[in-house]
There are 2 protein chains.
Amino acid sequence: MNALQVTYHIDTVEQDVVPHAESVLLEQTVETPADVAERDDFVREHMMGSIRDITPDPAGGFRVTFSLPLHIASTDPAQLLNVLFGNASLHEHVRLLDFDAPANLLGQYPGPRFGIGGLRERTGVPERPLTCSALKPVGLPIHDLAALCRTLAEGGIDVIKDDHYLADHSFCPFQERVQACQAAVDEAAGKTGRRALYVPSLSGTPEMIRRQAEQAQRLGVGAVMVAPMLTGLPFLHELTTRHLDVPVLAHPSFAGHGRILPEVLFGKLFRLFGADAVIFANFGGRFSYTRETCARMAGWMRRDWSGLPPALPVPAGGMSLARVPELVQFFGPDTMLLIGGSLLRAGHDLLAQTEAFVASVVRAALTHNGTA
Amino acid sequence: MNALQVTYHIDTVEQDVVPHAESVLLEQTVETPADVAERDDFVREHMMGSIRDITPDPAGGFRVTFSLPLHIASTDPAQLLNVLFGNASLHEHVRLLDFDAPANLLGQYPGPRFGIGGLRERTGVPERPLTCSALKPVGLPIHDLAALCRTLAEGGIDVIKDDHYLADHSFCPFQERVQACQAAVDEAAGKTGRRALYVPSLSGTPEMIRRQAEQAQRLGVGAVMVAPMLTGLPFLHELTTRHLDVPVLAHPSFAGHGRILPEVLFGKLFRLFGADAVIFANFGGRFSYTRETCARMAGWMRRDWSGLPPALPVPAGGMSLARVPELVQFFGPDTMLLIGGSLLRAGHDLLAQTEAFVASVVRAALTHNGTA
């Protein structure tokens, strides 16, 4: 297979599906009338792609699979996206359902540098699901965020991330905050003997983010968070291959690409471009993905794919302590459970609630192992 | 007004609209249960935002306007997007309809550095609509692309852009291509006395694009093209404020954000972050925007907005020579008409067809002035 295999959903009726598919094929390749493109031998032989399969979708419309020319997609990450869903994204009736590529293209992308194995090693959690919570709300002074961080770390949380609204604000500057929060997890480690990963959120233009990444790494953080759809997916690839020595937690902000199947966006593209752990909006919380979609997203992050290390699924978005057993049962051990707001609700009981969260994950993992 | 004013469409029924609006408000501000956020005085007073207006939408659902805290949005371009449509983009029932911000936030963004006035000056076209065509298909050798570029320039096209699939391919390397195409417009200028702007497409990670921008500017190009949704919107801002001395033409690839109103994405965000000219999928071509949407997109790019220079609307996507009079009538003179594939169809008649395109714009502009 020396082509990109890309599957779209095309919302059309049977008599129109072939002309529609042909126009999508032109759109995603030569973007020129076929008779113009075919004048040149090299273009005709190597750039035109082909329709591989058209199958009716039981829910309506058609699933159409194309072979698209690798030559166009393989120069850089932006071109890969361009060929997958560049102009096609502007067609209301087209959704990106899946893609795959031969090893010579995927081999250009190291994907997660740490992935599940590296995150387990960094947190010292070999088997059970990881736990995660968030420092928020934005607006708290650094002193309070650091105190929160210390309590969560003392309570045994594995990964403590900044809320994605924490940036380099004048009322809460990045460098001071990172320093204070990293000191808080260090201090807690002195007490408990286990060091939580503190994960600052990087935000801004690529230059600003590179500067923040340098500062954060100099201050000894265990990982960083970025929102790849805000900062640009190609920049995720650059960041992970050129500027970072620590794992990346990907935040889904701005990923409302309704017409890329979430499994493809979070399960494939975020992973391909180097996210080690991928936060996604879980079912039954504040967001609207179904159980099935979430199972598939997590599955796609972890499954074998051209030798790329698996990325760690991080279901999130309105999770609560009460749901831990259900979520562990559902996602299994290679998962990180992220509980933010509902944990913070505990107020003065935060340490106890945090410990309860951690204990609940440990218990649920044992039960899961027993039943697995 | 010292807050960000943001309007969403919320697809819900009357009895649920207030709780839905309240939950979107929390999502876009403190992302924490209200009782947790309200514990801190600074957070309660400065971070919570408010619901300003709820109006039934005649087409169903509700238009809900919020005041969102400027403090959170004002640190960097990624945070601005975060506050506008970060997590809200993940809610299937929410669409971003509009936003506005006080001058102290908008003042952080120079927007288009050249805009309509600068592009008119660079092309030497003071009043009529500009003309534009594209070098494609991808796969043509450099020699043929340069020949195409020379013919289009001799035919009088104002702006000649790379197809967005032209990248730094081994079969068509960036630097050689840019050099050859720039030489072609220079050569044509020697004949005609008018210099077309050759606009190479920049593609890749931010580092790769910065390198391409340097090369292109060193070779004397008149402008460059980027696809901000592929490369990341914050990078558009960085590129235009820190790395470029020439105008930027924005390409819509990957902008299938079905739930950001296209007027907001193309008309406001692309402009705010520095695009001088914005290509969009025009009605009646290969894409599905309506006449009304296109009129509003163009209108939003050009209208007064906090002192930002206007950006030049570039309707495109399956346009043809026959539609020039209609398009000039519809969009008026502060427009650039982009005809690619259908012009290239002319083959050996390309020079004549190009001249016909240019003449048609000149004629239509005179008629428009006559009737305006």
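Rules used throughout
Residues numbered from 1 in each chain as written. Chains lettered and ligands numbered in written order. Predicted model: local features only at pLDDT ≥ 70, side-chain atom pairs only at ≥ 80, totals over all residues. Heavy atoms only, no water. Helix = DSSP H or I, 4+ residues; strand = E, 2+ residues; numbered from the N terminus. Buried < 20%, exposed > 50% of the residue type's maximum accessible area, 1.4 Å probe, protein only. Contact = heavy atoms within 4.5 Å. Axes fitted to C-alpha atoms, helices over the stretch in contact; angles between N-to-C directions. Left-handed = near helix turned anticlockwise from the far one by under 90°. Nonpolar A, V, L, I, M, F, W, Y, C, P; charged D, E, K, R; others polar. Pairing = 2+ DSSP bridges. Least-squares fit on C-alpha atoms with pLDDT ≥ 70 in both. Salt bridge = Lys/Arg side-chain N within 4 Å of Asp/Glu carboxyl O. Buried area = accessible area lost by both parts, 1.4 Å probe. Phe/Tyr/Trp six-rings, centres within 6.5 Å; stacked < 30°, edge-to-face > 60°. pLDDT = per-residue confidence, 0-100.

K.L.:
What should I look at first to understand the overall build of chain A in this one?
P.N.:
Secondary structure summary: chain A contains 17 helices and 12 strands in total. Along the first, second and third principal axes, the C-alpha set of chain A runs to 70 × 45 × 35 Å. Scored against the burial criterion, the 372 residues of chain A give a buried share of 63%. Summarising the internal contacts of chain A: among those between residues at least 6 apart in sequence, 75% fall at separations of at least 24.

K.L.:
Sorry if this is basic, but what is going on with the packing of helix α5 (residues 77–85) of chain A against helix α12 (residues 233–243) of chain A here?
P.N.:
Helices that pack against each other are described as a pair by the angle of their axes relative to one another and the distance between those axes. All names here are of chain A. Where α5 contacts α12, the axes come no closer than 8 Å and their chain directions differ by 145°. Note that α5 runs across α12; the crossing there is right-handed. Of the residues in α12, those in contact with Pro 77, Ala 78 and Leu 81 of α5 are Leu 233, Pro 234 and His 237. For the contact of α5 with α12, the class distribution of residues is 5 nonpolar, 1 polar and no charged.

K.L.:
Any chance you could explain the pairing of strand β1 (residues 3–10) of chain A here in plain terms?
P.N.:
If a strand is regular, its side chains alternate between the two faces of the sheet. Residues and elements named next belong to chain A. Within β1, 8 of the 8 residues are buried, leaving the element largely enclosed by the surrounding structure. Of the pairings in the sheet, the one linking β1 to strand β3 (residues 62–69) comprises 8 bridges and is antiparallel in character. Residue pairing across strands places Ala 3 opposite Pro 69, the latter belonging to β3. Both β1 and strand β4 (residues 94–100) contribute to a ladder of 6 bridges, which runs antiparallel. Bridge pairing in β4 links Tyr 8 to Leu 96.

K.L.:
Can you walk me through the relation of the copies chain B and chain A in this structure?
P.N.:
Each copy of the chain is related to the other by a rotation around an axis and a translation along that axis. Overlaying chain B on chain A yields an RMSD of 0.0 Å, the required transformation being a rotation through 180° with an accompanying axial translation of 0.0 Å. On this basis, the relationship between the two copies can be described by a two-fold rotation axis. Minimal C-alpha separation from the rotation axis in chain B is found for B:Gly232, amounting to 1.8 Å.

K.L.:
Where do I start with the sheet that holds strand β10 (residues 277–281) of chain A in this structure?
P.N.:
For sheets, the rule is that strands pair by backbone hydrogen bonds, running either parallel or antiparallel. Residue and element names in this part refer to chain A. On the basis of which strands lie adjacent, the open sheet formed by 4 strands has the order β8-β9-β10-β11 and parallel pairing. Since the sheet does not close on itself, it has two edges, and those belong to β8 (224–226) and β11 (312–316), each with one partner. Neighbour-to-neighbour, the strand axes of the sheet open up by a mean angle of 25°, direction not taken into account.

K.L.:
Would you explain the pattern of salt bridges in this entry?
P.N.:
With the rule as written, the count across this model stands at 25 salt bridges over all chains. Note that A:Asp276 and A:Arg113 form a salt bridge whose closest N and O atoms lie 3.5 Å from each other. One end of the pair, A:Asp276, is in the loop between α13 (262–272) and β10; the other, A:Arg113, is in the loop between α6 (103–106) and α7 (115–123), with 163 residues separating them in the sequence. According to the relative accessible area criterion, A:Asp276 is buried, its value standing at 0%. Residue class for A:Arg113 comes out partly exposed when judged on its relative accessible area of 27%. One salt bridge in this structure joins B:Glu326 and B:Arg323, with 3.0 Å as the shortest N-O distance. With relative accessibility at 33%, the residue B:Glu326 sits in the partly exposed group.

K.L.:
Where do I start with the interface of chain B and chain A in this structure?
P.N.:
Many structure descriptions define interface size as the accessible area lost when the parts assemble. With 84 residues of chain B in contact, the opposing surface of chain A contributes 84 residues. When chain B packs against chain A, close to 6900 Å² is buried across both sides, 58% of that on carbon and sulfur atoms. Among the residues of chain B in contact with chain A, B:Leu90, B:Tyr165 and B:Phe254 are the three that bury the most area, contributing 12% of the side total. Put simply, chain B and chain A have 4 salt bridges between them. Among the salt bridges present, the one from A:Glu31 reaches B:Lys136, with a minimum N-O distance of 4.0 Å.

K.L.:
Looking at this structure, I do not really get the packing of aromatic side chains. What am I missing?
P.N.:
The geometry of an aromatic ring pair is captured by the separation of the ring centres together with the interplanar angle, meaning the angle of the planes. Residue and element names in this part refer to chain A. Here the structure, examined in full by the defined rule, presents 12 aromatic pairs over all chains. Plain terms: the ring middles of Tyr 8 and Phe 66 are 5.5 Å apart, the flat faces sit at 65° to each other, and that makes the pair edge-to-face. With Tyr 8 in strand β1 and Phe 66 in strand β3, the pair connects residues that are 58 residues apart, well separated along the chain. With respect to burial, Tyr 8 and Phe 66 carry one shared label: buried. For the pair Phe 283 and Phe 331, a centre-to-centre distance of 6.3 Å together with 40° between the ring planes defines the contact as tilted. Placement of Phe 283 in the loop between β10 and α14 (291–302) and of Phe 331 in helix α15 (residues 324–331) is noted, with a sequence separation of 48 residues between them. Classification of Phe 331 as buried rests on a relative accessible area of 3%.

K.L.:
Would you take a moment to explain the sheet that holds strand β7 (residues 197–199) of chain A for this structure?
P.N.:
All names here are of chain A. Taking strand neighbours across the sheet as the criterion, the 4 strands line up as β7-β6-β5-β12 in an open arrangement whose pairing is parallel. If you trace the sheet from one side to the other, it starts and ends with β7 and β12 (336–338), each paired once. Across this sheet, the average inter-strand angle for adjacent strands is 25°, counted without regard to direction. With 4 bridges joining them, strand β5 (residues 130–135) and strand β6 (residues 159–162) adopt parallel strand pairing.

K.L.:
Just to check I follow, could you spell out the confidence of the model for chain A for this structure?
P.N.:
Predicted coordinates in regions of low pLDDT should not be interpreted in detail. Here chain A averages 86 in pLDDT, while 97% of its residues score no lower than 70. For this predicted complex, the interface score ipTM comes out at 0.80, while the overall pTM is 0.83.

K.L.:
How should I be thinking about the packing of helix α10 (residues 206–218) of chain B against helix α12 (residues 233–243) of chain B in this particular structure?
P.N.:
Residues and elements named next belong to chain B. Where α10 contacts α12, the two axes come as close as 12 Å, and the packing angle between them is 35°. In this structure, the crossing between α10 and α12 has a hand that is right-handed. Between α10 and α12, the contacting residues are Pro 206, Ile 209, Arg 210 and Gln 217 on the first element and Phe 235, Glu 238, Leu 239 and His 243 on the second. Looking at the contact of α10 with α12, its residues break down into 4 nonpolar, 2 polar and 2 charged.

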